[in-house]
Structures are given as structure tokens and as C-alpha cells.
Amino acid sequence: MDSIRIRGGRPLHGDVEISGAKNAALPLMIAALLTSEPVTLSRVPKLADIATLTKLLSELGVDIAAPDNGDADHSLILRAGNITSTVAPYELVRRMRASVLVLGPLLARFGEATVSLPGGCAIGTRPVDIHLAGLERLGAQISLEDGYIHASAPDGLKGAEYHLAAPSVGATENLLMAAVLAEGETVLHNAAREPEITDLIHCLSAMGAVIDGTDSDCLRITGQTKLHGTGHRIMADRIEAGTYAIAAAVTGGAVELLGARAPHLETPIECWRQAGITVEETARGLRVSSAGRIQSVNLTTHPYPGFPTDLQAQTMVLMALAEGSALISETVFENRFMHVPELSRMGADIELHGGNALVRGVKALRGAPVMATDLRASSCLVLAGLAAEGETIISRVYHLDRGYERLVDKLGACGAKIERLAG
Ligand code: EPZ
């Protein structure tokens with residue numbers, strides 16, 4: 001297993017090209033199942049999760065081509081005109097839980113789907129009860145056997161009104177993609193409002209879907225008999241952008257995030273500005289810089305537009321180096337502090353109390369050998385290594401490969417002393 005070596009203490013200066021959003025690309029690729037016509041996606045990030053989903057969709061019979069048209073944007077053309085299977089096997093679903101999103105489209109278009117239960121992961125049990133209850137409300141018959149979800153809708157799905165028990169991102173996406181081909185009208189109350197869902201709605205609408213309430217927590221879908229192909233450029237990855245924003249801040253540097261969109265990061269930007277970081281909107285994206293000492297700021301994670309749980313670990317590094325103490329409360333996942341023991345080994349002063357972390361700022365972190373446990377925890381350790389005095393070796397960096405395209409190159413181009421060691 002590869003690792004990453006960082007010699008910290010060097011301010012970052014330069015530009016970072018923000019890639020297409022992983023959490024938009026995954027549902028958008030799956031949306032191609034809703035039509036027999038080609039769906040072309042551009043600015044597809046080259047990530048392990050995208051490769052895993054490409055394998056899964058190919059096994060279902062989707063033809064996926066990557067035209068090498070030489071442009072900066074990596075594109076995929078997906079054709080689901082000849083689906084040969086409606087089974088998503090455990091081997092692939094366990095590696096990439098977003099595979100469960102194939103349920104809605106397969107049910108909607110083919111009336112059946114057999115999808116492995118995704119199981120839990122490092123950050124929590126992550127059940128899919130809201131997905132399944134919503135699909136049943138749309139008329140699906142669902143049974144759980146041998147660790148698989150067996151779903152069928154022999155007479156097609158029927159539109160209905162459904163109140164999500166929690167504003168689940170995945171459940172909203174699954175139900176959206178089911179409802180667009182259901183008969184009649186569906187209303188989803190308490191829907192999630194993440195920008196990645198808006199991006200999916202834009203693509204579905206371009207495919208002929210009729211969806212009202214974009215950006216709101218109440219989505220009204222008028223089912224269609226079929227959808228057609230389209231082309232769609234994937235939104236920039238707001239979590240990647242936020243990660244590099246903090247890299248600039250914790251190293252006392254100045255970085256321009258090309259393609260980043262301030263409206264997608266309003267709550268985190270407000271938090272970082274309160275901490276004393278300079279964040280400016282530019283014609284190309286966002287410019288983030290930090291000169292003086294960081295001030296402690298309390299934060300609580302919430303569904304969008306609240307502070308994103310996917311930036312909690314990264315912002316904890318900022319607070320670990322701040323003046324004062326910060327209370328960080330994680331309300332979305334039940335176990336998303338796996339990075340804390342590793343940060344403590346680098347000299348951070350953090351006390352855990354259930355879903356709360358009391359972070360007392362220290363003047364400096366010290367490099368150390370640490371281990372990544374999940375995608376965002378691993379990016380947090382990279383940030384800590386960039387800020388720390390001395391050398392940090394991060395093992396199990398396959399976690400990083402799931403969500404950060406060319407991370408070593410992007411940081412190296414801004415002056416970081418960072419290299420990947422084959423393991
Ligand atoms: C999406 O996961 C993202 N993944 C996650 O990003 C992100 O952290 C999360 O949304 C929250 O923003 C993708 O988009 C591929 P949820 P998802 O359903 O859809 C509970 C990353 O690092 N819940 O909104 O799985 C669940 O247990 C990843 O890029 C139920 O109880 O998140 C969790 O506590 C990590 N029942 C909470 O809701 C359900 O049926 C939020 O989950 C579904 C969810």
C-alpha cells in the first residue's frame with residue numbers, strides 16, 4: 001500500500017485547478033441508466049470511486065467510452081441502450097456505497113433491481129432505510145435476503161407524496177431518479193438540498209425530466225414515459241476546493257482555487273473568515289490566504305446549507321493551530337472523529353465527548369507517521385503534515401485516491417514538499 005511523505009512548514013503559493021465533483025459525478029453517471037440514448041459527462045474526475053462505478057455500470061451492460069479529445073476536461077459517454085443485468089453485486093457495492101443509487105433508475109426503467117446492501121463504513125452504519133421506504137411509497141415491492149435488496153415494480157412506479165425522515169443526500173438522489181419515470185406526480189418533502197443534487201436535477205431536466213423546487217427541500221416531479229440523452233458538465237468539487245482552501249490557511253500561504261464557487265461554500269467561508277482567513281471571489285474562482293494567527297471558531301455540521309460534514313476533519317486542523325479553543329460538533333455521522341487520535345499524535349490537543357470535539361489550539365504540530373482511515377480523515381492528515389514541523393508519513397493513502405484527483409501534483413505545484421512512496 002502506497003504512502004505519502006510530507007516535509008511541512010512551507011507556505012503554499014500558486015493556483016489549484018479544482019476537479020469535477022465526485023459526489024455529483026457518481027449520481028450523474030448512474031442517471032445515464034434512465035435512457036437508452038447517450039449521456040455525455042465532462043469534467044469527470046479521475047478517481048478510484050469513478051473507476052469502481054464504471055466497472056459496476058459496465059457489468060450492468062452500460063457502454064462507457066472515454067473519448068480522448070485532448071481537452072482538459074475528461075469526458076465520458078455513457079450508453080444504456082442494452083442493459084443486460086439489473087444486479088449490483090456485493091463485491092462492488094461494498095467498495096463504493098453510492099452504488100446503491102442504481103436502485104431507483106433500474107426500478108424506474110426496468111421494473112426490477114437486485115442491489116447488495118452497502119453495509120457500514122468507517123464513519124458510521126449508514127443505513128438505507130429512507131431510500132427503501134421512499135421506493136416502497138412509489139409502489140416498489142422490496143425484500144431483504146442474503147444481504148441483498150430485492151426490488152420490483154412489475155406494473156411500474158406510481159408517483160406519491162413522501163416525507164423523508166432525514167434530508168438524506170443519497171435517498172433524495174435515489175428517489176429523484178425513480179420519480180422521473182414514475183406514473184404521475186411525486187412530491188418529496190424534507191429533501192436534501194446539496195449543490196450536487198441541484199447539479200443532478202439540471203442534468204435530469206436536460207434529459208426531459210420535469211422537476212420543480214430545485215434548491216429547495218420540497219421537490220415536485222412529474223413523471224415522464226421516457227427520457228432522452230444529453231450533455232452535462234459536472235460542477236466543481238466544493239469539498240476539494242474547501243480542502244485546498246484550508247491547505248493555504250494552515251501553511252500561511254495564498255492560493256487561487258480555479259473553478260471554485262463561493263455560493264457552494266458560504267457557511268464554511270463564513271467560519272474561515274471569522275477565524276481570520278482572507279477569502280476573496282475572483283474571476284477564476286476563489287483566492288484564499290492567511291497571514292496572522294488563526295482564531296478559534298466553534299462549528300456544528302449540518303445538512304446543506306449548514307457546515308458540511310465533509311469539511312469537518314479538515315477544519316479541525318485549522319482549529320488545532322488556532323489561538324484559543326473551539327468546539328466542533330459532528331451531527332451528521334456517528335463516528336466521524338477517526339482523524340482525532342492521529343492528529344493528537346502530531347501534537348494536537350483535542351478532547352472527545354461523544355459527538356463533540358474540544359480543540360485547544362497549539363502553536364505548532366509535529367510531523368509523525370500516521371494512518372488514514374477514511375477519505376476526509378486522510379485529507380485532514382495531509383493538511384496537518386503540510387502545517388507541521390518536520391516529516392509526516394501517511395499510510396493507507398488509497399483512501400485519498402477515492403476523492404482527490406492528482407493531490408500530490410496539485411500541492412507540489414504550490415511549493416509543498418510532498419511525494420508518493422510506492423508501498
Ligand atoms: C453523501 O453520502 C456523500 N456521498 C457523503 O460524502 C456526505 O458526507 C453525505 O452525503 C452527507 O453530506 C456521496 O454523495 C457519494 P446521507 P450519503 O444519506 O448520501 C443517515 C465523502 O466524503 N441516513 O445524507 O450516504 C446516515 O446514516 C462522502 O465524499 C439514514 O439514517 O449521506 C447519515 O447519518 C462521505 N438512512 C445521515 O443520514 C438513510 O436511508 C446522512 O447520510 C440514509 C441516510
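Please refer to the structure placed before this passage.
This section reports on the structure supplied with the text.

What counts, and at which threshold
- Residues numbered from 1 in each chain as written.
- Predicted model: local features only at pLDDT ≥ 70, side-chain atom pairs only at ≥ 80, totals over all residues.
- Heavy atoms only, no water.
- Core = buried A, V, L, I, M, F, W, Y, C linked by side-chain atoms within 4.5 Å.
- Buried < 20%, exposed > 50% of the residue type's maximum accessible area, 1.4 Å probe, protein only.
- Helix = DSSP H or I, 4+ residues; strand = E, 2+ residues; numbered from the N terminus.
- Contact = heavy atoms within 4.5 Å.
- Pairing = 2+ DSSP bridges.
- Axes fitted to C-alpha atoms, helices over the stretch in contact; angles between N-to-C directions.
- Parallel < 35°, antiparallel > 145°, perpendicular 65-115°, else oblique.
- Left-handed = near helix turned anticlockwise from the far one by under 90°.
- Salt bridge = Lys/Arg side-chain N within 4 Å of Asp/Glu carboxyl O.
- Near = heavy atom within 4 Å.
- Polar contact = N/O pair within 3.5 Å; in protein donor to acceptor, adjacent residues only side chain to side chain.
- Areas by Shrake-Rupley, 256 points an atom, 1.4 Å probe, with all protein chains shown as cover.
- Nonpolar A, V, L, I, M, F, W, Y, C, P; charged D, E, K, R; others polar.

**Structural notes on the nonpolar core**
Right, so step 1: Counting residues in each nonpolar core, the largest one holds 78 residues, and the members touching the most others are Leu34 and Leu204.
Right, so step 2: Per-element accounting of this core gives the leading share, seven residues, to helix H1 (residues 22–31).
Right, so step 3: Discounting residues that sit within four places of it in the chain, Leu204 has contacts with Ala31, Leu34, Met177, Val180, Ala209 and Ile211.
Right, so step 4: Counting residues in hydrophobic clusters, the runner-up holds 75 residues, among them Ala247, Leu286, Val288 and Ala372.

**What about the sheet that holds strand E4 (residues 63–65)?**
Right, so step 1: Taken in spatial order, the four strands make up an open sheet running E4-E5-E3-E14, and their pairing is mixed. Since the sheet does not close on itself, it has two edges, and those belong to E4 and strand E14 (230–233), each with one partner. Adjacent strand axes in the sheet meet at a mean angle of 15 degrees, parallel and antiparallel pairs treated alike.
Right, so step 2: Pairing between strand E3 (residues 39–42) and E14: four bridges, direction parallel. Across the sheet, residue Ser42 finds its bridge partner in E14, namely Arg233.

**What to know about the packing of helix H8 (residues 238–250) against helix H12 (residues 375–387)**
Right, so step 1: Packing of H8 against H12 leaves a shortest axis separation of 9 Å and a crossing angle of 20 degrees. Considering the angle they form, H8 stands roughly parallel to H12. Read as a crossing pair, H8 and H12 show a hand that is right-handed. Within the contact between the two elements, H8 uses Ile239, Thr243, Ile246, Ala247 and Val250 and H12 uses Arg376, Ser379, Leu383, Leu386 and Ala387.

**Here we look at unusual backbone geometry**
Glycine aside, negative phi is the norm for most residues, and most peptide bonds take the trans geometry.
Right, so step 1: Cis geometry is found at the peptide bond from Tyr304 to Pro305, where omega equals 10 degrees.
Right, so step 2: Looking at where Pro305 falls in the secondary structure, it is placed in the loop between strand E18 (299–300) and helix H10 (312–320).
Right, so step 3: For Asp146, which is not a glycine, the phi torsion comes out positive at approximately 55 degrees.
Right, so step 4: Among the structural elements, Asp146 can be located in the loop between strand E8 (141–145) and strand E9 (148–152).
Right, so step 5: Look at Asp215: it is not a glycine, yet its phi comes out positive at around 75 degrees.
Right, so step 6: Note on placement: Asp215 falls in the loop between strand E12 (210–212) and strand E13 (218–222).
Right, so step 7: Among the residues examined, Asp215 registers a relative accessible area of 45% and is labelled partly exposed.

**A few points about the pairing of strand E16 (residues 278–281)**
Right, so step 1: Where E16 and strand E17 (residues 285–289) come together, four bridges link them in antiparallel fashion. From the neighbouring strand, Glu281 faces E17, where its bridge partner is Leu286.
Right, so step 2: In sequence, E16 turns back onto E17 through a hairpin of three residues.

**Topic: the sheet that holds E12**
Right, so step 1: The strand order across the open sheet formed by four strands is E10-E11-E13-E12, and the pairing between neighbours is mixed. Each edge of the open sheet is held by one strand with a lone partner, namely strand E10 (161–163) and E12. Neighbouring strand axes in the sheet, compared pairwise and without regard to direction, differ in orientation by 15 degrees on average.
Right, so step 2: Of the strand pairs in this sheet, strand E11 (residues 185–189) and E13 are connected by five bridges, and their pairing is antiparallel. Across the sheet, residue Leu188 finds its bridge partner in E13, namely Leu219.

**Quick look at the environment of Glu173**
Right, so step 1: Tracing the backbone shows Glu173 in helix H6 (residues 169–179).
Right, so step 2: When the C-alpha positions of Glu173 and Leu383 are compared, they lie 31 Å apart, and in sequence the two are 210 residues distant.
Right, so step 3: For Glu173, the residues in contact, after removing those within four places along its chain, are Asn23, Pro27, Leu101, Ile197 and Leu200.

**Considering the pattern of salt bridges**
Right, so step 1: Tallied over the entire structure, the rule returns 23 salt bridges.
Right, so step 2: The closest approach of N and O atoms between Glu280 and Arg287, which form a salt bridge, is 3.6 Å.
Right, so step 3: Overall, the relative accessible area of 34% leaves Arg287 in the partly exposed class.
Right, so step 4: When salt bridges that share partners are traced, they join Asp2, Asp401 and Arg420 into one network.

**Details of the side chain of His399**
Right, so step 1: When you line up the elements, His399 lands in helix H13 (residues 398–401).
Right, so step 2: Those residues in contact with His399 that lie beyond four places of it in its chain are Ala372, Thr373, Asp374, Leu375 and Ser378.

**Some details on the site of the ligand**
Right, so step 1: In the region of the ligand, 20 residues are neighbours, and Asp129, Ile130, Ser168, Asp310 and Val332 sit closest.
Right, so step 2: At 3.0 Å from an oxygen atom of the ligand is found a side-chain nitrogen or oxygen belonging to Lys22.
Right, so step 3: At 2.6 Å, a side-chain N or O of Asp310 approaches an oxygen atom of the ligand.
Right, so step 4: Summarising the interface, the protein chains cover 84% of the accessible area of the ligand, which totals 820 Å² for the free molecule.
Right, so step 5: Looking at the shell around the ligand residue by residue, the classes come out as nine nonpolar, five polar and six charged.

**Observations concerning the packing of H1 against helix H7 (residues 195–206)**
Right, so step 1: The interhelical angle for the contact between H1 and H7, taken along N-to-C directions, is 30 degrees, at an axis separation of 9 Å. Between H1 and H7, the crossing angle belongs to the class labelled roughly parallel. Here H1 and H7 pass one another in a crossing that is right-handed. Residues Asn23, Ala24, Pro27, Leu28 and Ala31 of H1 form the contact with H7, whose participating residues are Glu196, Asp199, Leu200, Cys203 and Leu204.
Right, so step 2: Grouping the amino acids of the contact of H1 with H7 by side-chain chemistry returns seven nonpolar, one polar and two charged.

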